[in-house]
Amino acid sequence: MNLKQAIRSLPEKGYLDIPVTKNLDLVKEIERLRKAKNAVILAHYYQVPEIQDIADFVGDSLALAQAAAKTTADIILFAGVHFMAETAKILNPDKKVLLPDLLAGCSLAESAPKDKFEAFKKQHPDHIVVSYVNTSADIKALTDIVCTSSNAEKIINSIPKDKKIIFAPDKNLGAYLIKKTGRDMLLWDGACEVHEEFSLEKILQLKTEHPDAKIIAHPESRDYILNIADYIGSTSGLLKYVQQSDAKEFIIATESGILHKMAQVAPDKILIPAPPENDKNSCACTECPYMKRNTLKKIYLALEYELPEVNVEETLRKKALVSIERMLELS
Ligand code: 13P
Ligand code: SF4
């Protein structure tokens with residue numbers, strides 16, 4: 001397939017599907033292009049290890065948004081999912097933002113379609129809207145303050161007690177925040193298909209085999225998983241906990257990509273991924289199929305041809321920016 005054909009098939013395929021020279025050193029090529037084009041590679045902890053290892057910065061959703069807000073690079077290559085690249089573009093209208101695969105979406109972001117959410121908001125005009133960063137630009141434009149799992153509690157607590165709150169789109173994180181803050185929030189009925197998959201039975205079985213292991217979980221997980229967790233936190237929170245805890249073994253209920261960074265920062269710890277109900281990848285772990293769409297080859301091609309690009313229409317961008325900037329101010 002040549003470049004023109006690859007570009008034509010982008011909407012359907014999501015990425016540039018062009019053959020590369022056999023034995024091409026992708027890591028070296030990415031390094032060359034990154035320097036030549038003054039590009040920065042931002043990667044989420046759920047990316048495959050080889051992508052995390054070549055990134056300029058690896059972080060959770062908040063840290064990535066903060067890194068995007070202050071970069072001086074001309075090109076931002078986002079090794080993550082669409083809403084992350086879109087957030088980077090909203091913050092950087094004059095920079096080129098590349099996403100190696102446009103089909104790297106997010107089930108949580110998909111669970112809040114614009115029209116339905118707009119109608120829901122209209123039914124509750126006296127509510128402040130707090131939305132998780134895992135949303136489209138359309139939802140961010142309908143939002144008062146964006147949050148991530150790192151700062152959600154702080155952001156909810158910053159809202160005066162007499163104000164009513166809509167929290168969207170993650171009902172699991174929302175229910176957890178209601179417990180933590182005591183605020184009576186109206187929850188949108190959305191969820192992450194990856195974090196909803198953890199098997200309570202299999203985790204409890206692992207706990208009997210590793211009685212000293214700490215169970216740690218991301219708040220996008222279901223309440224019956226959070227109820228047995230010793231620690232609940234964002235990906236960066238989980239990473240810090242493993243690094244600082246005196247415990248030696250951990251059962252980790254979040255996407256398994258984080259185990260790579262955990263093993264790097266805490267090489268002496270035993271890290272056990274929490275298994276899903278249906279073990280689709282037969283890894284006894286849970287992987288996000290959207291995060292895992294990115295590969296080194298797709299990153300190389302994206303940097304070489306500066307495609308696929310993520311763009312946001314200017315009126316929408318300006319509206320969405322307000323709720324993201326409020327979050328960054330409060331973080
Ligand atoms: P954090 O890295 O902010 O905890 O988010 C997890 C996640 O599901 C990102 O899609
Ligand atoms: Fe979305 Fe869940 Fe994948 Fe995160 S892990 S990108 S919330 S589907």
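Just so it is clear, the structure is predicted and the values come from calculations on it, not from any experiment. (Residues numbered from 1 in each chain as written. Chains lettered and ligands numbered in written order. Predicted model: local features only at pLDDT ≥ 70, side-chain atom pairs only at ≥ 80, totals over all residues. Heavy atoms only, no water.)

Q: Can you walk me through the site of ligand 2 in this structure?
A: Taken together, the neighbourhood of ligand 2 is formed by Tyr46, Val81, Cys106, Ser107, Leu108, Asn134, Cys192, Val194, Glu220, Cys288, Tyr290 and Met291. Counted by class, the shell around ligand 2 contains nine nonpolar, two polar and one charged residues. (Near = heavy atom within 4 Å. Nonpolar A, V, L, I, M, F, W, Y, C, P; charged D, E, K, R; others polar.)

Q: I would appreciate a short explanation of the nonpolar core in the present structure.
A: Side chains of a nonpolar character, in soluble globular proteins, are inclined to be buried together. Counting 65 residues, the largest nonpolar core has Leu42, Phe78, Val130, Phe167 and Ile251 as the members making the most contacts within it. Tallying contributions element by element places helix H6 (residues 82-91) first for this core, with six residues. Beyond its immediate sequence surroundings of up to four residues, phenylalanine 167 is in contact with Val130, Cys147, Ile156, Leu173, Gly174, Leu177, Met185, Leu186, Leu187 and Trp188. Core analysis: the second largest hydrophobic core is formed by 38 residues, Ile258, Leu259, Leu301 and Ala302 among them. (Core = buried A, V, L, I, M, F, W, Y, C linked by side-chain atoms within 4.5 Å. Buried < 20%, exposed > 50% of the residue type's maximum accessible area, 1.4 Å probe, protein only. Helix = DSSP H or I, 4+ residues; strand = E, 2+ residues; numbered from the N terminus. Contact = heavy atoms within 4.5 Å.)

Q: How should the packing of helix H3 (residues 26-36) against helix H16 (residues 296-305) be read in this particular structure?
A: The description of two helices packed together rests on the angle between their axes and the distance between the axes. Two elements in contact, H3 and H16, have axes separated by 9 Å at closest approach and are oriented at 30°. Regarding the angle of H3 to H16, the classification is roughly parallel. In this structure, the crossing between H3 and H16 has a hand that is left-handed. Contact residues: Leu26, Val27, Glu29, Ile30, Arg32 and Leu33 in H3; Leu296, Lys297, Ile299, Tyr300, Leu303 and Glu304 in H16. In terms of residue class, the contact of H3 with H16 is built from eight nonpolar, no polar and four charged. (Axes fitted to C-alpha atoms, helices over the stretch in contact; angles between N-to-C directions. Parallel < 35°, antiparallel > 145°, perpendicular 65-115°, else oblique. Left-handed = near helix turned anticlockwise from the far one by under 90°.)

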